[in-house]
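Each chain, written out:
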Amino acid sequence: MIKGSLPANAYLLSFFLFLVGQASHASFTASIISNIHNFSLKHRGKVSGALVGLFATSSGVFGIIYRHTFSKTHDVQGYLLFLAILCSTIAFIGAFLIRFIGPKVPDSVIKQSGSGSELEEVSDTVKVDEKEKQYNLLEKDNTDEETKEYSLESRSNPNYLDGKRDITGLQLLKTEEFWLLFIIYFFVAGTCLMFLNNIGSVGKANGKSSDLRTDLVIVFAACNLTGRSSFGLLSDLFSRKISRFWFLAISATIISITHLLYAFFTSDFYILATILTGVGYGGLVSTMVLLTSVRFGVRRFGLNFGMLAIASAAGSLSFGFLSGKLYDDHADEEDECYGEKCFRTAFILSAVFNAMCIGVILFLIHRSKRHTY
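Reading the values: the criteria
Residues numbered from 1 in each chain as written. Predicted model: local features only at pLDDT ≥ 70, side-chain atom pairs only at ≥ 80, totals over all residues. Heavy atoms only, no water. Helix = DSSP H or I, 4+ residues; strand = E, 2+ residues; numbered from the N terminus. Buried < 20%, exposed > 50% of the residue type's maximum accessible area, 1.4 Å probe, protein only. Contact = heavy atoms within 4.5 Å. Areas by Shrake-Rupley, 256 points an atom, 1.4 Å probe, with all protein chains shown as cover. Patch = residues over 30% accessible without salt bridge, like charges linked within 9 Å, V, L, I, M, F, W, Y side chains within 5 Å. Salt bridge = Lys/Arg side-chain N within 4 Å of Asp/Glu carboxyl O. UniProt positions renumbered as here; feature names shortened; annotations may be inferred. Phe/Tyr/Trp six-rings, centres within 6.5 Å; stacked < 30°, edge-to-face > 60°. Expected span 1.5 Å × (residues − 1). Lys, Arg positive; Asp, Glu negative; His and termini not counted. Charge placed at Lys NZ, Arg CZ, Asp CG, Glu CD. pLDDT = per-residue confidence, 0-100. Bend = angle between axes of the 7 residues up to and from the residue.

Novice: How should I be thinking about the overall build of the chain in this particular structure?
Specialist: Looking only at helices and strands, one finds 14 helices and zero strands in the chain. Helices and strands in the chain line up, N terminus first, as α-α-α-α-α-α-α-α-α-α-α-α-α-α. Counting every position in the chain, which comprises 373 residues, the buried fraction comes to 44%. A sequence separation of at least 24 residues applies to 78% of the contacts in the chain between residues at least 6 apart. Counting only carbon and sulfur atoms, one obtains 65% of the accessible surface of the chain, whose full area is about 19100 Å².

Printed below as a string of structure tokens:
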């Protein structure tokens, strides 16, 4: 389309963007699934946090590449070709290099599984599905050993269900915890993506330079990386003492306070709000990926997280439409809006919805203490 070989059609462009979105999320999910299977429960937060963090920072990295290379000659066509070749090559190589290994199984688990003969069967000559069956058995026993390390008494462990369930499909849709997480992801991720998608428009409405607006996209990506990697690490460090749900509460609190202040002090809070929203959103995604694997099981993690990720996409569309409608209500005859009024209502609503999500998270924490899930 850019070159002129294809007609400039909005529907055709939408179809291509759909394919790009599917491929992007498929590669992301594949890398997460592979490593969740290959690392044990006690390291899952760090591993998933690092992976989703790299995914987040990629937009900033590619933004820097474009700014210092292709943008100088305004070669958008060359940049898209560069992305197509690079991303497809990496995905193709990864398809052959990524292997199912499985976490290291303690000797005690091997004895319990009677695995003298079982482990011998798990070799390169065994079929993949048979190897996975062996791994699922050993992982279950391995997880039980790890949860004993957390606490001798399961009722004193705030994350006692971690790794103990294998829920997917219709059974997942009947689980109250899934829908509560879905609601949280819809509102918190939706409002964060509304912020990200409107960074340029908010800056323009408040007289910020175009260079600053471009730089803040990179800043958001860097802070997103910080939130994702740090929340994953902290979740592993403190999981013996506090529920992992508290990290969702921290993310929602950061976003709620930030967007409330941003609604009334947009110009003064522009840079700091970008930093805090990036950290809060990154922590949210990292924790959601981790909770999906430890609360519902890793066997069908791809399907489970895909179902949960619908909430993020739906929230982005919903709040994007809402902010656009509110912007248009304050626009002049030329469809331009200037001043804090353009996005104030949208960010007040964002603060309210995130505060509501904090209440839902506290309910989840309360229910988990009662062991009703």
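Past the structure itself, the notes keep going.
Novice: Would you take a moment to explain a nonpolar patch on the surface for this structure?
Specialist: On the surface, a nonpolar cluster with roughly 580 Å² of combined accessible area is contributed by Leu 233, Leu 234, Leu 237, Phe 238, Ile 242, Trp 246 and Leu 362. With four residues, helix H10 (residues 210-238) is the largest single contributor of residues to the nonpolar patch. Along the polypeptide, Phe 238 turns up in helix H10. Phe 238 gets classed as partly exposed once you look at its relative accessible area, which sits at 38%.

Novice: Help me understand the UniProt feature "transmembrane region" (unreviewed entry) in the chain, please; the structure alone is not making it clear to me.
Specialist: UniProt records the feature "transmembrane region" (unreviewed entry) at residues 12-35, 47-66, 78-101, 178-196, 245-265, 271-291, 303-323 and 343-365, using the numbering of this structure. Measuring from the first to the last C-alpha atom of residues 47-66 gives 29 Å, for a span that is 100% helix and 0% strand. With 100% helix and 0% strand, residues 271-291 has its two end C-alpha atoms placed 30 Å apart.

Novice: Would you take a moment to explain the packing of aromatic side chains for this structure?
Specialist: Two numbers describe a pair of aromatic rings. These are the distance of the centres and the angle of the planes. Here the structure, examined in full by the defined rule, presents 24 aromatic pairs. Centroid distance Phe 187 to Phe 319: 6.1 Å. Interplanar angle 70 degrees. Geometry classified as edge-to-face. Residue Phe 187 is found in helix H8 (residues 176-197), and its partner Phe 319 is found in helix H13 (residues 301-330); the two are separated by 132 residues along the sequence. Of the two residues examined, Phe 187 and Phe 319, each falls in the buried class. Within the aromatic cluster, the residues linked to one another by ring pairs are Phe 195, Phe 220, Tyr 262, Tyr 281, Tyr 327, Phe 343 and Phe 347.

Novice: I'm lost on helix H1 (residues 10-38) in this one. Help?
Specialist: Given 3.6 residues per helical turn, the α-helix brings residues three or four places apart onto the same face. Taking 1.5 Å per residue, 29 residues should reach 42 Å; H1 reaches 42 Å between its end C-alpha atoms and fits that length. When H1 is considered as a whole, its buried residues turn out to be Phe 28, Thr 29, Ile 32, Ser 34, Ile 36, His 37 and Asn 38.

Novice: Hey, could you run me through the pattern of salt bridges in this one?
Specialist: Where side chains of opposite charge bring their charged atoms close, a pairing between them can arise. Across all of its chains, the model carries eight salt bridges by this definition. Glu 177 is the salt-bridge partner of Arg 165, the closest N and O atoms lying 3.0 Å from each other. Of the two residues, Arg 165 is situated in the loop between helix H6 (128-150) and helix H7 (169-173) and Glu 177 in helix H8; the sequence distance between them amounts to twelve residues. Residue Arg 165 shares its accessibility class with Glu 177, and that shared class is buried.

Novice: Help me understand a negative patch on the surface in this model?
Specialist: Residues Asp 328, Asp 332, Glu 334 and Asp 335 make up a contiguous surface patch of negative charge. As for its position among the elements, Glu 334 is in the loop between H13 and helix H14 (341-370). In this structure Glu 334 comes out as exposed when scored by relative accessible area, which is 65%.

Novice: Explain the confidence of the model for the chain here, please?
Specialist: This prediction gives the chain a mean pLDDT of 79; 82% of its residues lie at or above 70. No element of the chain has a lower mean pLDDT than helix H5 (residues 115-121), at 41, and none a higher one than H8, at 94. In this model, residues 105-129 is a region of pLDDT below 50 whose contacts with residues beyond four sequence positions or in other chains number 23 contacts. For residues 149-153, every residue scores under 50 in pLDDT, and the model assigns this stretch nine contacts once sequence neighbours within four places are set aside.

Novice: What am I meant to see in helix H2 (residues 44-68) here?
Specialist: With 25 residues, H2 ought to run about 36 Å at 1.5 Å a step, and its terminal C-alpha atoms sit 36 Å apart, in line with that. The sharpest bend along H2 comes to roughly 35 degrees, located at Thr 57. Buried within H2 we find Arg 44, Gly 45, Val 47, Ser 48, Gly 49, Val 52, Gly 53, Ala 56, Thr 57 and Gly 60.

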